[in-house]
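A structural walkthrough
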There are 2 protein chains.
Amino acid sequence: MASSSSLYLSQALLARAVYLHGSSSDRVSLSFPSFSGLKSHSPCKAATFSAGSRRRGVSTSVVRAAAVETLDQTTEVSLVEKSINTIRFLAIDAVEKANSGHPGLPMGCAPMGHILYDEVMKYNPKNPTWFNRDRFVLSAGHGCMLQYALLHLAGYDSVQEQDLKNFRQWESRTPGHPENFETVGVEVTTGPLGQGIANAVGLALAEKHLAARFNKPDNEIVDHYTYVILGDGCQMEGISNEACSLAGHWGLGKLIAFYDDNHISIDGDTEIAFTENVDQRFEALGWHVIWVKNGNTGYDEIRAAIKEAKAVKDKPTLIKVTTTIGYGSPNKANSYSVHGSALGAKEVDATRKNLGWPYEPFHVPEDVKKHWSRHVPNGSKLEAEWNAKFAGYEKKYSEEAAELKGIFTGVLPAGWEKALPTYTPESPADATRNLSQQNLNALVKVLPGLLGGSADLASSNMTLLKSYGDFQKDTPEERNVRFGVREHGMGAICNGIALHSPGFIPYCATFFVFTDYMRAAIRISALCEAGVIYVMTHDSIGLGEDGPTHQPIEHLASFRAMPNILMLRPADGNETAGSYKVAVLNRKRPSILALSRQKLPQLPGTSIEGVEKGGYTISDNSSGNKPDVILIGTGSELEIAAAAAEDLRKEGKTVRVVSLVSWELFDEQSAEYKESVLPASVSARVSIEAGSTFGWQKIVGSKGKAIGIDRFGASAPAGKIYKEFGITKEAVIAAAKQVS
Amino acid sequence: MASSSSLYLSQALLARAVYLHGSSSDRVSLSFPSFSGLKSHSPCKAATFSAGSRRRGVSTSVVRAAAVETLDQTTEVSLVEKSINTIRFLAIDAVEKANSGHPGLPMGCAPMGHILYDEVMKYNPKNPTWFNRDRFVLSAGHGCMLQYALLHLAGYDSVQEQDLKNFRQWESRTPGHPENFETVGVEVTTGPLGQGIANAVGLALAEKHLAARFNKPDNEIVDHYTYVILGDGCQMEGISNEACSLAGHWGLGKLIAFYDDNHISIDGDTEIAFTENVDQRFEALGWHVIWVKNGNTGYDEIRAAIKEAKAVKDKPTLIKVTTTIGYGSPNKANSYSVHGSALGAKEVDATRKNLGWPYEPFHVPEDVKKHWSRHVPNGSKLEAEWNAKFAGYEKKYSEEAAELKGIFTGVLPAGWEKALPTYTPESPADATRNLSQQNLNALVKVLPGLLGGSADLASSNMTLLKSYGDFQKDTPEERNVRFGVREHGMGAICNGIALHSPGFIPYCATFFVFTDYMRAAIRISALCEAGVIYVMTHDSIGLGEDGPTHQPIEHLASFRAMPNILMLRPADGNETAGSYKVAVLNRKRPSILALSRQKLPQLPGTSIEGVEKGGYTISDNSSGNKPDVILIGTGSELEIAAAAAEDLRKEGKTVRVVSLVSWELFDEQSAEYKESVLPASVSARVSIEAGSTFGWQKIVGSKGKAIGIDRFGASAPAGKIYKEFGITKEAVIAAAKQVS
């Protein structure tokens, strides 16, 4: 088997660990078991076996060492196990009280969780956003009680006993899946499978980038790991393959992923749908792969694997940890029934007996509490040391320190917006995708946290930062990221970058229609408050010959309906600059910029300030806020509205032209302002947009007319499609006459 | 390297082929070159080299055989090359005339294209939908001129010379990417990368299923291959990994994929973002992997690889074919500039010189034409033989023949709709996901083409067909498909199944929110007219504790805005049955059924007929089509509207309750019918739906009120969220009083 060569080191370390500590053990029995998803051993004797699976055998070997090595000290194994069981029962009890949740993963992953939070990771519970902390992502987010239990034990204020008791309740800080915006100490929002591992790739990219950019031979100011736990579900999702292929390509050596290999998914044994060789796939993706065969009690195996992973600096590491889902539950372990439901009172009792747990629900034994209590002072110490280090850095490298500080505080440099380009009607006509590139290249000079790229369309999306090279394995200090044709992974990686530090402003790009490939990641941006900038070009039938597979129709509407996201469709240079201003300022709300492939004129009346209001008048020959008709356009169709207005005015009509570049921003304006743009008394309204008319009734009212496209596009030169689809000045004029 | 073991057979066959035919060769020089993306050889001497790439070396070896073995005859290699160059120049000329398109892939893949369509595949050009034809999918859809050229040469009526000249023009049959609904002979719609290979997995699944279900020892009535060409872009997309993992799991031995390994993507060399070991990944996924090192002129290598692939019956095969993108263009070959733009007149001339092509644009030399002309009679013969075989089958196995005929003709069994369950208000309250399962299990007994499954949520989506087992490698005759957690692949596989034969009715399932993972595939369903049934459960905040990552908000709106798709949200048993009736009847339009997790009562007034109209009155105490207020609901909120109406009626109001189960179907009704349900004169309207209000203004008008959710959800028990979000009877009553 392909991965076998990777295993020798962890096994050697394991043997050494046992050798070193064996003498102090009262009960040592060591062997290297053949692969077994289930072990029978004290204190979990009663776990059931499903016979006949080709991937499981019954093993009687027991791997235990009386005392084990930790990072800082030697902890008695009995205390380790007590701590692990505390985690298990906090999860069991919380799920039981909520009568809802997923106990199986926390029960199986408690050993790796314990080792990570108690022995390996550096963090400061009293300042969970300390910049140089290790990041942890629970990609298998349904197992969130694992993370809540760990945050609770580690001393995070966000997860008190009461919070555990409020698991999955209204306004609790312990929602049903990890949500960074609800629970301080949770880095990213997971639950939708595969997102977390891709976020983690973004976090690790961010660390590698900052380390390369800011570390000095005498001061490695950026230096942390990113740890992930992912499950079979994450592995099956395409997004994880995309992101992990990039992680391998980029050589993200400080990314360490634990694959909870428990052979159970919701529908039963993973054999029914998942028989690929994961080890071999990850080796193909350029990862270092280690297999911990006994994830249930093989604490030293886990520790050795982490050491080995850290020693491999040029590749990310996948530690496949074979565990038993619901470990400790005598009747439900190793079955899908323990995945997503409370155990039930009877089985909770049986599990308490089986694991020798005499305590009340939610109880943390005193010795466990005492043991974990060191993390608060230790964390403060770690941060204080780092602060001192940064003070030294600041002294010696003041310029770099200011940039880095901007990234980790999120404070934008004063006057950054002066870099935004401005345009006059005399400026040359241009595609907004090109104008976007002018903005990106202007902004990158003043925004230290701006970096990003395209899903293999940089030359079409116009996203290259000309003053920078490519972020690559050996040039991670650069700021052009090459995502390949991996839209979904790209979006989730950008979420990770954005959430690494508040001053990061990641952008990513593809054709607007291919937001369909990354919609799940975009939705998480909106939900988790990651201010990613989505640079989406070729935003309509205006792309022409590529045809309906490439022409967005319903996409503007579909994002206008999504909460907490800004859908911006600028019409020209000023509006593109305004869109960037809005996007940069909205650090807790992602922005999507829909940009044209085709050239557009610079329109009189457009402005950055107008864009900031979402909708505004660009021209008007009426008085008293009572035009005969209001023409409303966005993006490439604003030009058509403006041209129609000119013709109508020649015929004596009073016509207002409104640019509705962002519906969300317009909605947020005062009633007075909105009335000044779209007065209630004027029902003669015509909108034009080369996309679905769905939703436009809100703007044009029941007496107005929305011109748009409620069918799929077509393959032909763009001008021809516009004409055939009736997205024309003539159509606007006819409609205006009809409604006014 | 992992794949090296797979190579020996193709190399051995190649050696044998050369040995057998070598004696008739005037110029034979054979060696097994080390890996080289570029070969220098006649007649393409001028291709340029990019130096310094670790994956390329310069090889001087030439693999040519004077005469080569074909399926039916021996064709002179000079004619083969002439045919291949014809394909190349048809592509070059069409792109040049359109001044738009992608010449690079057709130029590089012409050899494999020629061998497939001229030597390997069985099809009938005069009946392109002949059931037992081999299927071909160009997953790298941008290279569609390859397929159009092949269809033209093979004698398909759909692609005449004039069609080639109209490439990418308005209303042409040769759009910018392959579209099955525009071009007869194109099986599926590709262009969005990765969709095609996943479609192909669906096509191969369909064949394997039908063969297992209908073939008899004395009559193998179902027996065809599925061929695909995919590129680097397809490989990078997560969807392809999902689908290929399933293809390996299912052992789809008759799926043969050619990976056009040309090292160039739009942004340049694939090295900037794609350095994984594809061979090894596919071996990990359970595929047989063969490497054709010289895809440019190694015709025998290609042939040998296909033979080898066919010999491997328990695994799908990936044939990695190393080619030169834009082969033959002296200045643009092997560069991204040849990927997606016309060569330009000068380079076209240079290519004509380089490849020795003296002909006018669009010319097919007589000997090439003559050579290909045999496919029309041969195809008729193949079909006639099969028809005779089917006649024998029908005679001996009449029952099976009737079922199979239903699948390949698409004619539904008479009276099938009688199987739909019906409900009365006294029927027990139930979740619509459970009612959906009753429908599926009733329908599978009468619809031979119904099959499907869930993305690892069968027990939550309630999609198991109880009278069938699992479709698996060794039980492919069964009808429950286990997709694993691979929503995107699932959707595209179902598109492939639907387009395999018109009588297939594939369904697939996940939580409604995870349509975000598969939206690109759903959009292709709508575009390519694949009547897939999307069974989407847990359709609102009503799922409760899993929280906002799992609660759809904008999803109903986002699909209502999508063309050619039915978004159905049934409220109870009758409406669920009605939704299935609609979904089954709409074979050229996909349906999405949004179904509840929570129990819902059987409401008086609901009906299958009502659902067929999209919107209808379920109760009304007014007369003269003039109620005081109209309450409009969908799905789980129709119950709330009905309850509010009861209360309002007690207060003396006349109230109509309308179920708007499908906006699209309602839109299609006559103006009279619509007026009878939502009379223009009644502006007092209140809608209630546990989702975004976006779009509802069209229904409730500017004086009405839409009750919905314009924020993300929350983690808490469902009842609590409904109350806190104001999705209540009380809110409806208050709004009704406000507007009436």
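Named according to an unreviewed UniProt entry, chain A is transketolase originating from Sphenostylis stenocarpa. Looking at the Sequence similarities (unreviewed entry) heading of the UniProt record, one finds this comment for chain A: "Belongs to the transketolase family."

1. Quick word on the pattern of salt bridges
If you walk through the whole model with that rule in mind, you get 71 salt bridges over all chains. Here arginine 133 of chain A ties to glutamate 187 of chain A by a salt bridge, and the two come within 2.7 Å at their closest N and O atoms. With a gap of 54 residues between them, arginine 133 of chain A in the loop between helix H3 (104-120) and strand E3 (135-138) and glutamate 187 of chain A in the loop between helix H5 (161-165) and helix H6 (195-214) connect regions that are remote in the sequence. Take arginine 133 of chain A: its relative accessible area is 7%, and that puts it in the buried class. Taking the shortest distance from any N to any O, the salt bridge between glutamate 612 of chain B and lysine 581 of chain B comes out at 3.3 Å. Note that glutamate 612 of chain B is positioned in helix H21 (residues 608-612) and lysine 581 of chain B in helix H20 (residues 573-585), a separation of 31 residues in sequence. One network of salt bridges, in which partners are shared, links Asp516 and Glu554 of chain A together with Arg519 and Arg523 of chain B.

2. Thoughts on the relation of the copies chain A and chain B
Laying chain A over chain B is done by rotating through 180° and shifting 0.0 Å along the axis; what remains is an RMSD of 0.0 Å. Viewed as a symmetry operation, the transformation between the two copies matches a two-fold axis. Of every C-alpha in chain A, the one belonging to glycine 238 of chain A sits nearest the axis of rotation, 1.8 Å from it. A symmetric contact is evident, with 100% of the interface residues of chain A recurring at the interface of chain B.

3. Quick look at the UniProt feature "site: Important for catalytic activity" (unreviewed entry) in chain A
Here, UniProt's "site: Important for catalytic activity" (unreviewed entry) annotation points to His102 and His339 of chain A. In three dimensions, the annotated residues from a span of 238 residues occupy one location, with a maximal C-alpha spread of 5.4 Å. Considering the arrangement of structural elements, one finds histidine 102 of chain A in the loop between helix H2 (77-98) and H3. In this structure, histidine 102 of chain A is in contact with Val95, His142, Gly143, Arg168, His339 and Gly340 of chain A together with Asp546 of chain B, ignoring residues within four places of it in sequence. Assignment of secondary structure puts histidine 339 of chain A in the loop between strand E9 (317-322) and helix H11 (345-354). Exposure remark for histidine 339 of chain A: the relative accessible area of 12% places this residue in the buried category. In this view, histidine 339 of chain A contacts Gly101, His102, Pro103, Gly104, His142, Ile266 and Ile325 of chain A; residues no more than four positions away in its chain are not counted.

4. Re the UniProt feature "domain: Transketolase-like pyrimidine-binding" (unreviewed entry) in chain A
The UniProt entry lists residues 430-602 of chain A under the feature "domain: Transketolase-like pyrimidine-binding" (unreviewed entry), expressed in the numbering used here. What you have in residues 430-602 of chain A is 34% helix and 19% strand, and the ends, taken at the C-alpha atoms, are 8 Å apart.

5. What about unusual backbone geometry?
Phi at glutamate 171 of chain A is positive, roughly 60°, even though this residue is not glycine. Along the chain, glutamate 171 of chain A falls in the loop between H5 and H6. One non-glycine residue with positive phi stands out, namely histidine 538 of chain B, at about 60°. Among the structural elements, histidine 538 of chain B can be located in the loop between strand E15 (533-537) and helix H19 (555-560).

6. Quick look at the packing of H6 of chain A against helix H14 (residues 398-409) of chain A
Residues and elements named next belong to chain A. Where H6 meets H14, the axes come as close as 11 Å, and the angle between the chain directions of the two elements is 165°. The pairing of H6 with H14 is recorded here as roughly antiparallel in orientation. The two elements H6 and H14 cross, and the hand of that crossing is left-handed. Residues Leu210, Arg213 and Phe214 of H6 touch H14, and the partners they reach there are Glu400, Glu403, Leu404 and Ile407. Looking at the contact of H6 with H14 residue by residue, the class counts come to 4 nonpolar, no polar and 3 charged.

7. Remarks on the interface of chain A and chain B
Each partner contributes to the interface: chain A provides 99 residues, whereas chain B provides 99 residues. Roughly 8,000 Å² of surface becomes buried between chain A and chain B when both sides are summed, with 58% attributable to carbon and sulfur atoms. Viewed at the interface, chain B and chain A are joined by 9 salt bridges. Between aspartate 546 of chain B and arginine 168 of chain A there is a salt bridge; the shortest N-O distance is 2.7 Å. The interface formed by chain A and chain B holds 48 residue pairs in polar contact (both at pLDDT 80 or more) in total. By residue class, the composition of the side of chain A that touches chain B is 40 nonpolar, 33 polar and 26 charged.

Each value, and the rule that gives it
Residues numbered from 1 in each chain as written. Chains lettered and ligands numbered in written order. Predicted model: local features only at pLDDT ≥ 70, side-chain atom pairs only at ≥ 80, totals over all residues. Heavy atoms only, no water. UniProt positions renumbered as here; feature names shortened; annotations may be inferred. Salt bridge = Lys/Arg side-chain N within 4 Å of Asp/Glu carboxyl O. Helix = DSSP H or I, 4+ residues; strand = E, 2+ residues; numbered from the N terminus. Buried < 20%, exposed > 50% of the residue type's maximum accessible area, 1.4 Å probe, protein only. Least-squares fit on C-alpha atoms with pLDDT ≥ 70 in both. Contact = heavy atoms within 4.5 Å. Axes fitted to C-alpha atoms, helices over the stretch in contact; angles between N-to-C directions. Parallel < 35°, antiparallel > 145°, perpendicular 65-115°, else oblique. Left-handed = near helix turned anticlockwise from the far one by under 90°. Nonpolar A, V, L, I, M, F, W, Y, C, P; charged D, E, K, R; others polar. Buried area = accessible area lost by both parts, 1.4 Å probe. Polar contact = N/O pair within 3.5 Å; in protein donor to acceptor, adjacent residues only side chain to side chain.

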